[in-house]
Amino acid sequence: MENKNFQILLYYCYAKIDNPEEYREQHHLFCVENNIRGRIIISDEGLNGTVSGLTEDCINYMKFIHADPRFSKTEFKIDSYDSHTFTKIHVRYKPEIVHSALRHLDPNVRTGKHLDPESFRNLKDQEDVVILDVRSNYEHELGHFKNALTLDIDNFRDFPDKVKELGHLKKKKVLTYCTGGIKCEKASAFLLEQGFEDVYQLHGGIIKYGMEAGGEDFEGKCYVFDNRIAVDVNTINPKVVSKCHICGTGSDRMINCANQSCNVHVAMCEECGWKMEGSCSIECKDIPEKRHYDGTGYYQKHTNGYNPYKGLVRKTTKDKFLDRVIE
Ligand SMILES: [Zn+2]
Ligand SMILES: [Zn+2]
């Protein structure tokens, strides 16, 4: 029997934070003391995070966020797992919670209409509807909604530029989606600003759609930003859309290139994985110091000397840490 006593939380909240640096400290300390790992961005416009931890620690973490009136409405996408999916905790201050080049837009003022998974499923096949994937190439190449319009972008920053090519869709119903919903808040707000008339967004993203609507018509896997790399979302009519990077046959087996300085994520079939010794190219295969391929293509990150308190600057915190080291 699988022992799933860990959780993975994915969340965001657009809310004004007047003291982001101070709040960052506080948030970081809470994570360290509750053994929460992952990546969290704190900005003047809100919070964005993916974290992992023991179930009881994750419950406390959600309480900690909800207890702050600024973030009381935060919705968490909760997955169960058998281990941490991060090796470290990073709590960083950034000017935006998703790098978008759309800082002037506040989704709390205006954004696309939110669709819950069930409504999205009902609306997506109607006439005059365009399903727009606002994610980047490496994400939609691994999986996307059937009939979705995907964009040739390597970063969400490039989304506004691409929208210029979509002018002919201004009178259509546009349904945007992304991994967890955060990019759509700004993407749909931007579409409205550009004169698109009827704009909707999949609330909670692909992840929530998988949990609540069975992931119907999502083809391939969903790229995620933790050690799992990709997750299944469709339990109704799954399909493989990605191709082996080497031989081109259908495969959704994701590996990291064995050459550590390359480390690229690619789909690779079982056979090519062994043949290439887990490398994405002949060049990488020829690197003598590349990592040993064990058939998974996953490599544990080194955490020697890792100090989770790193980044905390308050004197009291440092003192606290020193006390512990002495203990
Ligand atoms: Zn292959
Ligand atoms: Zn490589």
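Everything discussed here concerns the structure shown above.
Model, not experiment: these values are computed from the prediction.

About the thresholds
- Residues numbered from 1 in each chain as written.
- Chains lettered and ligands numbered in written order.
- Predicted model: local features only at pLDDT ≥ 70, side-chain atom pairs only at ≥ 80, totals over all residues.
- Heavy atoms only, no water.
- Helix = DSSP H or I, 4+ residues; strand = E, 2+ residues; numbered from the N terminus.
- Rg over C-alpha atoms; globule rule 2.2 N^0.38 Å.
- Buried < 20%, exposed > 50% of the residue type's maximum accessible area, 1.4 Å probe, protein only.
- Contact = heavy atoms within 4.5 Å.
- Areas by Shrake-Rupley, 256 points an atom, 1.4 Å probe, with all protein chains shown as cover.
- Salt bridge = Lys/Arg side-chain N within 4 Å of Asp/Glu carboxyl O.
- Disulfide = S-S within 2.5 Å.
- Donors = N, O, S within 2.8 Å, 3.2 Å for Na, K, Ca; no water.
- Tetrahedral: all angles 85-135°; square planar, octahedral: opposite > 155°, others 65-115°.
- 1 Å grid on protein atoms, 1.4 Å probe; cavity = no way out; pocket = protein on both sides within 12 Å on 5 of 7 lines; lining within 4 Å.
- Points joined across faces, edges and corners; volume = space filled by probe spheres on them.
- Nonpolar A, V, L, I, M, F, W, Y, C, P; charged D, E, K, R; others polar.
- Phe/Tyr/Trp six-rings, centres within 6.5 Å; stacked < 30°, edge-to-face > 60°.

Turning to the overall build of the chain, a few remarks are in order. Looking only at helices and strands, the chain features 10 helices and 15 strands. In terms of overall dimensions, the chain is globule-like: its C-alpha atoms have a radius of gyration of 21 Å, near the 20 Å expected for 327 residues. Over its C-alpha atoms, taken along the principal directions, the chain stretches across nearly 65 × 55 × 40 Å. Expressed as a percentage of its 327 residues, the buried residues of the chain come to 53%. Restricting to contacts in the chain with at least 6 residues of sequence separation, those with at least 24 account for 68%. Surface summary for the chain: the accessible area is close to 16300 Å², and the carbon and sulfur share equals 49%.

Okay, the pattern of salt bridges next. Opposite charge on two side chains permits them to pair, given that their charged atoms come into close proximity. In total, this model carries 23 salt bridges according to the counting rule given. The residue Asp-18 makes a salt bridge to Lys-16 at a minimum N-O spacing of 2.8 Å. This pair shows no difference in class: Asp-18 is exposed, exactly as Lys-16 is. With a shortest N-O distance of 2.7 Å, Arg-121 and Glu-118 are connected by a salt bridge. Highlighted residues: Arg-121 and Glu-118, both in helix 3 (residues 117-123), separated by three residues, approximately one helical turn. Assessed through its relative accessible area of 33%, Glu-118 is described here as partly exposed. Linked through salt bridges whose partners overlap, the residues forming this network are Lys-124, Asp-125, Lys-146 and Asp-217.

Let's shift gears to the state of the cysteines. Per the stated rule, a full pass over the model turns up zero disulfides. With no disulfide of its own, Cys-178 lies 3.7 Å from the sulfur of Cys-184, the closest cysteine sulfur. Its relative accessible area of 1% is what places Cys-178 among the buried residues.

When a metal holds four donors in a tetrahedron, each ideal angle between them is 109.5 degrees; when it holds six in an octahedron, the ideal angles are 90 or 180 degrees. Protein coordination at the zinc ion (ligand 2): the donors are Cys-257 (SG), Cys-262 (SG), Cys-280 (SG) and Cys-284 (SG), at 2.2 to 2.4 Å from the metal. Geometry at the zinc ion (ligand 2) is tetrahedral, judged from the four donor atoms that bind it and their angles of 104 to 113° at the metal. Spacing between the donor residues of the zinc ion (ligand 2) along the chain follows C-x4-C-x17-C-x3-C.

Bound to the zinc ion (ligand 1) on the protein side are Cys-244 (SG), Cys-247 (SG), Cys-269 (SG) and Cys-272 (SG), at distances that span 2.3 Å. Because the angles between the four donor atoms bound to the zinc ion (ligand 1) fall within 97 to 117°, the donor set is best described as tetrahedral. When the donor residues of the zinc ion (ligand 1) are listed from N- to C-terminus, their spacing reads C-x2-C-x21-C-x2-C. Taken together, the positions of Cys-247 in the loop between strand 13 (230-231) and strand 14 (254-256) and Cys-269 in the loop between strand 15 (265-267) and helix 8 (270-275) put the pair 22 residues apart, joining distant regions of the chain. Relative accessible area serves as the criterion here: at 39%, Cys-247 is assigned to the partly exposed category.

It is worth spelling out the layout of surface pockets at this point. Empty space within the largest pocket amounts to approximately 1100 Å³. For the lining of the largest pocket, the secondary structure elements donating two or more residues are strand 1 (6-14), strand 2 (37-43), strand 3 (46-54), strand 5 (89-93), helix 4 (137-140) and helix 6 (182-193). Among the residues making up the lining of the largest pocket, the classes are represented as 19 nonpolar, 16 polar and 13 charged. As a volume, the second largest pocket reaches approximately 360 Å³. Lining the second largest pocket are 19 residues, with Tyr-12, Cys-13, Tyr-14, Lys-73 and Glu-185 sitting closest to its centre. Those elements giving two or more residues to the lining of the second largest pocket turn out to be strand 1 and strand 4 (75-81). Looking at which element gives the most residues to the lining of the second largest pocket, the answer is strand 1, with three residues. Of the residues assigned to the lining of the second largest pocket, the class counts are seven nonpolar, seven polar and five charged.

The phi dihedral of Asn-147 falls on the positive side, at around 65°, and the residue is not glycine. Position of Asn-147 relative to the elements: it lies in the loop between strand 8 (143-145) and helix 5 (159-163). Look at Asn-147 and you get exposed, because its relative accessible area is 64%. For Asp-217, which is not glycine, the phi torsion reads 70° and is therefore positive. One can find Asp-217 in the loop between helix 7 (205-213) and strand 11 (218-220).

A few words now on helix 7. Burial analysis of helix 7 places seven of its nine residues in the buried class, the great majority of the element. Immediately downstream of helix 7, the backbone of Gly-214 shows phi near 70°, a positive value.

Counted according to the given criterion, the structure contains 17 aromatic pairs. Here the aromatic rings of Phe-30 and Phe-64 are separated by 4.0 Å at their centres, their planes lie at 10°, and the arrangement is stacked. Note that Phe-30 is positioned in helix 1 (residues 20-33) and Phe-64 in helix 2 (residues 55-66), a separation of 34 residues in sequence. Measuring from centroid to centroid gives 5.6 Å for Tyr-223 and Phe-225, while their planes differ by 65°, and the two rings are edge-to-face. The buried category is assigned to Tyr-223, whose relative accessible area is 10%.

Worth remembering: the numbers are spatial, not functional.
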